[in-house]
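Residue-level listing of the chains:
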Amino acid sequence: MSTVDITKDLENATLIVTSVFAASPDRVWRLWADPRQLERWWGPDPYPATVVDHDLRPGGHVSYYMTGPEGDQHKGYWCVMEVEPPRRLVFEDGFADATGEPDDDLPLSRAEVTIEIVDEVHTRMTIESVYDTTADLEQVLAMGMEEGIRTAVEQIHALLAEG
Amino acid sequence: MVVHMGLTITDERADAVFGALADATRRDILSHAMGGDLGVSELADLYPMSFAAVQKHVAVLERAGLVRKRPEGRRRVVTTDMDGLLDARVVLDHYEELWRGRVARMHDLLDDDDLPS
């Protein structure tokens, strides 16, 4: 059983996400540092991500695209700021236009990931993200709504299938 | 639970709001907050009670979601203006759901490690 704790700070538009894994810090780090792992969890279900560039160094970039249910593509990027494997990762993330250029002067968020040992078999991962509420959110919200509708439809199907 | 105009208000929220309004001083603070230009210290000067007591009243109103403190220079202005918060709330609710999904998928990936290949 896995749990995730999320604290919201409205005044500072900040989210703090914490979860404990039965895995080593190196293994948890790999979720972020291995592009083939990253693309398996970064995008929400109807928008799986494909990571294209993945340069995890200060000043480096990660570029990816998410593919929607209609085949629509949404490009995104990370600007990597700090990297201290396997303990710490700081990056800004945002959407990119069709050519891969950041869509806005403002990134959507700045995230700080901290990975720490809890005991011999457990590792705690904490992500503190600060969001820019004035950035263009239409795309993000549209994707969120689509996911919500999809989930609701799936639940209805499941209920009907139960008979 | 109260459902009104498509919006669900929990009993908890209703209790907090009515509890906040059940005090005359708090109702007075709320009417000043609608003007939105008094800081906490300036508000405290209006009432024959300690600063700490006024702070507590403001805290009750804040927890009920009726006022918020808007930073203005070194002052913290007590105001009813929720516009700024609404945007933040929508954004954070969305990202909370997004991160719940991401962390669940991370756990799934790590669980896959344990499966025989």
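Residues numbered from 1 in each chain as written. Chains lettered and ligands numbered in written order. Predicted model: local features only at pLDDT ≥ 70, side-chain atom pairs only at ≥ 80, totals over all residues.

**Q** I keep staring at the overall build of chain B and nothing clicks. Help me out?
**A** Helix and strand counts for chain B come out as five helices and four strands. When each of the 117 residues of chain B is scored for burial, the buried share is 20%. Pairs at least 24 residues apart make up 53% of the contacts formed inside chain B by residues separated by at least 6 positions. (Helix = DSSP H or I, 4+ residues; strand = E, 2+ residues; numbered from the N terminus. Buried ≥ 20, exposed ≤ 12 C-beta atoms within 10 Å, placed from the backbone. Contact = placed C-beta atoms within 7 Å.)

**Q** Help me understand the nonpolar core, please; the structure alone is not making it clear to me.
**A** Side chains of a nonpolar character, in soluble globular proteins, are inclined to be buried together. A:Val28 and A:Val113 are the most contacted members of the largest nonpolar core, which has 35 residues in total. Put simply, the parts of the chain that give this core at least two residues each are strand S2 (14–21), helix H1 (25–33), strand S4 (61–67), strand S5 (73–84), strand S6 (88–96), strand S7 (109–117) and strand S8 (123–131) of chain A together with helix H5 (83–113) of chain B. Looking at this core element by element, the count peaks at six residues for H5(B). Apart from the residues within four sequence positions on either side, A:Val113 is in contact with A:Trp32, A:Arg88, A:Leu89, A:Met125 and A:Ile127. (Core = buried A, V, L, I, M, F, W, Y, C linked by C-beta atoms within 7 Å.)

**Q** Would you mind showing me how to read the interface of chain B and chain A here?
**A** One widely used convention gives an interface's size as the accessible area the parts lose upon coming together. Each partner contributes to the interface: chain B provides 20 residues, whereas chain A provides 27 residues. When its residues are assigned to classes, the side of chain B that touches chain A shows 11 nonpolar, three polar and six charged. (Nonpolar A, V, L, I, M, F, W, Y, C, P; charged D, E, K, R; others polar.)

**Q** How do you make sense of the environment of B:Val78 when you look at a structure like this?
**A** All names here are of chain B. Within the secondary structure, Val78 sits in strand S4 (residues 75–79). Note on Val78: 26 C-beta atoms within 10 Å, which makes it buried. Once the C-alpha coordinates of Val78 and Val58 are considered, the two residues, 20 residues apart in sequence, prove to be 8.0 Å apart. Once residues within four sequence positions are removed from consideration, Val78 is found in contact with Ile29, Ala33, Leu38, Val40, Leu43, Val58, Val67 and Lys69.

**Q** Quick question: what am I supposed to make of H1(A) here?
**A** Counting along an α-helix, one turn takes 3.6 residues, and residues three or four places apart therefore face a common direction. The set of residues buried in H1(A) consists of A:Val28, A:Trp29, A:Leu31 and A:Trp32. In an axial view of H1(A), the angular spread of the buried residues amounts to 140°, which keeps them on one side of the axis. (Arc of directions from axis to C-beta.)

**Q** For this particular structure, what's the right way to read the confidence of the model for chain B?
**A** Reading predicted coordinates in detail is not appropriate for stretches of low pLDDT. Residue and element names in this part refer to chain B. Mean pLDDT over chain B works out to 84, with 85% of the residues at or above the 70 mark. When mean pLDDT is compared element by element in chain B, helix H4 (residues 51–63) scores highest at 94, while strand S1 (residues 2–4) scores lowest at 46. This stretch, residues 1–7, has a pLDDT under 50; its non-local contacts, to residues over four places away or in other chains, come to seven contacts. (pLDDT = per-residue confidence, 0-100.)

**Q** Mind showing me how you'd approach the sheet that holds S6(A) here?
**A** Adjacent strands of a sheet pair through backbone hydrogen bonds, lying either parallel or antiparallel. Residues and elements named next belong to chain A. The eight strands lie next to each other as S1-S2-S8-S7-S6-S5-S4-S3, forming an open sheet whose pairing is antiparallel. The sheet is open, and its two borders are formed by strand S1 (4–9) and strand S3 (49–54), each paired with just one other strand. Within the sheet, the average angular offset between the axes of one strand and its neighbour, ignoring direction, is 20°. Where S3 lies against S4, five bridges are found, and the strand directions are antiparallel. Residue Thr50 lies in a different strand from S4, and its bridge partner there is Tyr65. (Pairing = 2+ DSSP bridges. Axes fitted to C-alpha atoms, helices over the stretch in contact; angles between N-to-C directions.)

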